[in-house]
Amino acid sequence: MIKKAIILCGGTGSRMFPLTHSINKQLLPVYDKPMFYYPLSLMMLCGIKEYVFVINQGQELNFRKALGNPDDLGIRVEFVVQKNPKGLPDAFIITKELIKNQSIAMILGDNFFYGNMLSPIIKDSFKIKNGCNIYIYPSNKTSAYGVVEFDKKNKIKKIIEKPNKTNSNSIITGLYVFDKNVSNFAKKLKPSRRNELEIVDLINLYKRKNKLKVIKLGRGSAWMDVGNFFDLQSTSNFIENIEQRQSFKIGCIEEIALNNKWINK
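Notes on the structure follow. (Residues numbered from 1 in each chain as written. Predicted model: local features only at pLDDT ≥ 70, side-chain atom pairs only at ≥ 80, totals over all residues. Heavy atoms only, no water.)

## A short note on the layout of surface pockets
Reasoning step 1: One number sums up the size of the largest pocket: a volume of about 930 Å³.
Reasoning step 2: Surrounding the largest pocket, 36 residues form its lining, Arg15, Lys25, Leu88, Leu108 and Arg194 being those nearest its centre.
Reasoning step 3: Elements represented by at least two residues in the lining of the largest pocket include exactly strand 11 (170–178), helix 7 (199–208) and strand 13 (222–225).
Reasoning step 4: With four residues, the single largest contributor to the lining of the largest pocket is strand 11.
Reasoning step 5: Of the volumes computed, that of the second largest pocket is approximately 480 Å³.
Reasoning step 6: Forming the walls of the second largest pocket are 20 residues, and the residues nearest its centre are Leu45, Tyr114, Gly115, Phe248 and Lys249.
Reasoning step 7: Secondary structure elements with two or more residues in the lining of the second largest pocket: helix 1 (37–45), strand 7 (111–114), helix 5 (118–125) and helix 9 (253–259).
Reasoning step 8: A total of four residues in the lining of the second largest pocket trace back to one element, the largest contributor, which is helix 1.
Reasoning step 9: Among the residues making up the lining of the second largest pocket, the classes are represented as 11 nonpolar, seven polar and two charged. (1 Å grid on protein atoms, 1.4 Å probe; cavity = no way out; pocket = protein on both sides within 12 Å on 5 of 7 lines; lining within 4 Å. Points joined across faces, edges and corners; volume = space filled by probe spheres on them. Helix = DSSP H or I, 4+ residues; strand = E, 2+ residues; numbered from the N terminus. Nonpolar A, V, L, I, M, F, W, Y, C, P; charged D, E, K, R; others polar.)

## Notes on unusual backbone geometry
Reasoning step 1: In the Ramachandran plot, Asn154 falls in the positive-phi region, its phi being about 65° despite a non-glycine side chain.
Reasoning step 2: Phi at Asn210 is positive, roughly 60°, even though this residue is not glycine.
Reasoning step 3: Positionally, Asn210 belongs in the loop between helix 7 and strand 12 (212–216).
Reasoning step 4: For Asn210, a relative accessible area of 73% translates into the label exposed. (Buried < 20%, exposed > 50% of the residue type's maximum accessible area, 1.4 Å probe, protein only.)

## Digging into the environment of Asn259
Reasoning step 1: Structurally, Asn259 can be placed in helix 9.
Reasoning step 2: Counting along the chain gives 214 residues from Asn259 to Leu45, while the straight-line C-alpha distance between them is 9.2 Å.

## Topic: the pairing of strand 10 (residues 156–161)
Reasoning step 1: The sheet contact formed by strand 9 (residues 146–150) and strand 10 spans five bridges and is antiparallel. Counterpart to Val148 in the pairing with strand 10 is Ile159.
Reasoning step 2: Remark: five residues form the turn of the hairpin made by strand 9 and strand 10, two consecutive strands paired antiparallel; Asn154 in that turn has positive phi of roughly 65°. (Pairing = 2+ DSSP bridges.)

## Re the nonpolar core
Reasoning step 1: Formed by 45 residues in total, the largest nonpolar core has its most connected members in Phe36, Met43, Met44, Tyr51, Phe53 and Phe126.
Reasoning step 2: Beyond its immediate sequence surroundings of up to four residues, Phe36 is in contact with Cys9, Gln26, Leu27, Phe53, Phe63, Ala66, Leu67 and Gly109.
Reasoning step 3: Counting residues in each nonpolar core, the second largest holds 33 residues, with Ile6, Ala91, Ile104 and Val148 among its members. (Core = buried A, V, L, I, M, F, W, Y, C linked by side-chain atoms within 4.5 Å. Contact = heavy atoms within 4.5 Å.)

## Quick word on the packing of aromatic side chains
Reasoning step 1: Applying the stated criterion across every chain, the model contains 15 aromatic pairs.
Reasoning step 2: Seen in terms of ring centroids, Phe112 and Phe238 are 5.9 Å apart; in terms of plane orientation they differ by 75°. Their pairing is edge-to-face. With a gap of 126 residues between them, Phe112 in strand 7 and Phe238 in helix 8 (residues 229–246) connect regions that are remote in the sequence.
Reasoning step 3: On the accessibility criterion, Phe112 (1% relative accessible area) is buried.
Reasoning step 4: For Phe238, a relative accessible area of 24% translates into the label partly exposed.
Reasoning step 5: When the ring of Tyr137 is compared with that of Trp223, the centres are 6.2 Å apart and the planes differ by 55°; the resulting orientation is tilted. Pair noted here: Tyr137 is in strand 8 (residues 132–138) and Trp223 is in strand 13, with a separation of 86 residues, a long-range link. The exposure classification of Tyr137 matches that of Trp223, with both residues buried.
Reasoning step 6: Clustering of aromatic rings is evident, with ring pairs tying together Phe36, Tyr37, Phe53, Phe63 and Phe79.
Reasoning step 7: Positioned above the aromatic ring of Phe150 is the side chain of Lys216, whose terminal nitrogen or guanidinium carbon lies 4.8 Å from the ring centre. (Phe/Tyr/Trp six-rings, centres within 6.5 Å; stacked < 30°, edge-to-face > 60°. Lys NZ or Arg CZ within 6 Å of the ring centre and 35° of its normal.)

## Structural notes on the environment of Lys265
Reasoning step 1: Mapped onto the secondary structure, Lys265 falls in the segment after helix 9.
Reasoning step 2: Lys265 sits in the exposed class, given a relative accessible area of 94%.
Reasoning step 3: Each C-alpha atom of the pair Lys265 and Ile99 lies 32 Å from the other, and the pair is 166 residues apart in sequence.

## Some details on the side chain of Asn204
Reasoning step 1: With respect to the helices, strands and loops of the structure, Asn204 is situated in helix 7.
Reasoning step 2: A distance of 3.4 Å separates a polar side-chain atom of Asn204 from the backbone oxygen of Ile159. (Polar contact = N/O pair within 3.5 Å; in protein donor to acceptor, adjacent residues only side chain to side chain.)

## Some thoughts on the side chain of Ser125
Reasoning step 1: Along the chain, the position of Ser125 falls in helix 5.
Reasoning step 2: Among the residues examined, Ser125 registers a relative accessible area of 9% and is labelled buried.
Reasoning step 3: Those residues in contact with Ser125 that lie beyond four places of it in its chain are Asn133, Tyr135 and Ile215.

Honestly, that's just the spatial picture; any functional story needs more than this.
Rendered as structure tokens:
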């Protein structure tokens, strides 16, 4: 069972310049909360109490102020600075001593997941003992993401990064689960042409070992990459509409902690 999650809050945030010249994009507001609250809230709904935030240099104080005292949420938080953006798998290398010999979840700090049955599905998938889980979602923006192609028997045929052409609409979301070998496997990767370690290469390594599982997030769920201004606004509008119509909060980490009985009133 997964007990710890990495929340990836590094990167240059180049799609959101000039705002992100001075602050991590994951600290920007999405409706009425910092962006990173939403992936954190999903992990809390799945029962995760231990977190490693991978952040840019000079941003730890800002994250601590935005989060408040983790003890007030019944969770434990550690911060690791990523000095240079070397790709997603680099997070497993720089956090190796914190991962130790246990399976780990990693979620991108600019991803938004929503749906009534979403957290039970993900929580159940966290029972992994070995291998890798990826979570796919139907989208027509395949050229911007990793894509999973299936054969006629609905088995994984190929996983490709940002294809110009593909017959699949199944993109890989920013949530991943890896077993205890992930740090060592990440070290074996070679940088791509853009001089970064690619998450698709890490996933393919597990695929070649027949240790890859794909979990489909379909109708009844919503996934958004909030890494640009258009999607930031769209996601904010989505959250506002739901909260105004249904009169409950999305991503309220205090409420989740209370419902989990990690804190009391």
